[in-house]
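# Fold and geometry: a report
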Amino acid sequence: MIKRTPKYKTRLDDRTLADVVRRPIITEKATILLENNQYVFDVDPRANKLDIKAAIEGLFEVKVQRVNTYNPPRKTRKLGRLSGYRPQVKRAIVTLAEGSSIQLFPEV
């Protein structure tokens, strides 16, 4: 009997999934996306879409419908005569299923 593994599997275990999502992005464009039940997060540049989906579902206990990722261009940073680059980031736009939501702003 051949033992089959799942076609899609995350590369990370449950302990490191919490380290995939760094912070939510709260900008004007990101707040417009909230109307479509889409949330924007900074994520680890090494994470793939399956890792991001598993991390969001595990952290916030919601059902993720789709994950879109993009790598914005790196910006230069100068310190005196020296120049370099800011740390690389990866952004993920997470679309949640109907009825699911993430509480980004805590109630007072």
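Residues numbered from 1 in each chain as written. Predicted model: local features only at pLDDT ≥ 70, side-chain atom pairs only at ≥ 80, totals over all residues. Heavy atoms only, no water.

## Quick look at unusual backbone geometry
Although it is not a glycine, N37 adopts a positive phi angle of roughly 65°. Mapping N37 onto the fold places it in the loop between α2 (28-33) and β2 (38-43). With a phi close to 55°, E61 is a non-glycine residue in the positive phi region. Relative to the helices and strands, E61 is located in the loop between α3 (49-60) and β3 (64-70). Using a relative accessible area of 72% as the deciding quantity, one classes E61 as exposed. (Helix = DSSP H or I, 4+ residues; strand = E, 2+ residues; numbered from the N terminus. Buried < 20%, exposed > 50% of the residue type's maximum accessible area, 1.4 Å probe, protein only.)

## What to know about the pairing of β2
Of all six residues in β2, six are buried; the element is thus mostly enclosed. Of the strand pairs in this sheet, strand β1 (residues 21-24) and β2 are connected by three bridges, and their pairing is antiparallel. Each residue of the ladder has a partner; that of R23, found in β2, is D42. Here β2 runs beside strand β6 (residues 90-96); their pairing, made up of six bridges, is antiparallel. Directly across from Y39, in β6, lies its bridge partner V94. (Pairing = 2+ DSSP bridges.)

## A closer look at the sheet that holds β6
Hydrogen bonds between backbone groups are what pair the strands of a sheet, and the pairing can be parallel or antiparallel. The four strands lie next to each other as β1-β2-β6-β3, forming an open sheet whose pairing is antiparallel. Every interior strand has two partners, whereas the edge strands, β1 and β3, have only one. Across the sheet, the axes of successive neighbouring strands diverge by a mean angle of 35°, strand direction being ignored. Pairing analysis gives six bridges linking β3 to β6, with the strands arranged antiparallel. Within the sheet, the bridge partner assigned to V64 lies in β6 and is L96. (Axes fitted to C-alpha atoms, helices over the stretch in contact; angles between N-to-C directions.)

## Re the confidence of the model for the chain
In this model, the chain carries an average pLDDT of 87, and 85% of its residues clear a pLDDT of 70 or more. Mean pLDDT values over the elements of the chain span from 71, in helix α1 (residues 14-17), up to 97, in β6. Contacts for the low-pLDDT stretch residues 1-5, under 50 throughout, to residues beyond four places or in other chains number zero contacts. (pLDDT = per-residue confidence, 0-100. Contact = heavy atoms within 4.5 Å.)

## Some words on the pattern of salt bridges
On inspection of all chains with the given rule, the structure shows four salt bridges. In this structure, the salt-bridge partner of D42 is R91, at a minimum N-O distance of 2.9 Å. Of this pair, D42 sits in strand β2 while R91 sits in strand β6, and the two are 49 residues apart along the sequence. D44 is the salt-bridge partner of R46, the closest N and O atoms lying 3.0 Å from each other. Judged by relative accessible area, which is 65%, R46 ranks as exposed. Using a relative accessible area of 12% as the deciding quantity, one classes D44 as buried. Several salt bridges share partner residues, and in doing so they unite R22, D44 and R46 into one network. (Salt bridge = Lys/Arg side-chain N within 4 Å of Asp/Glu carboxyl O.)

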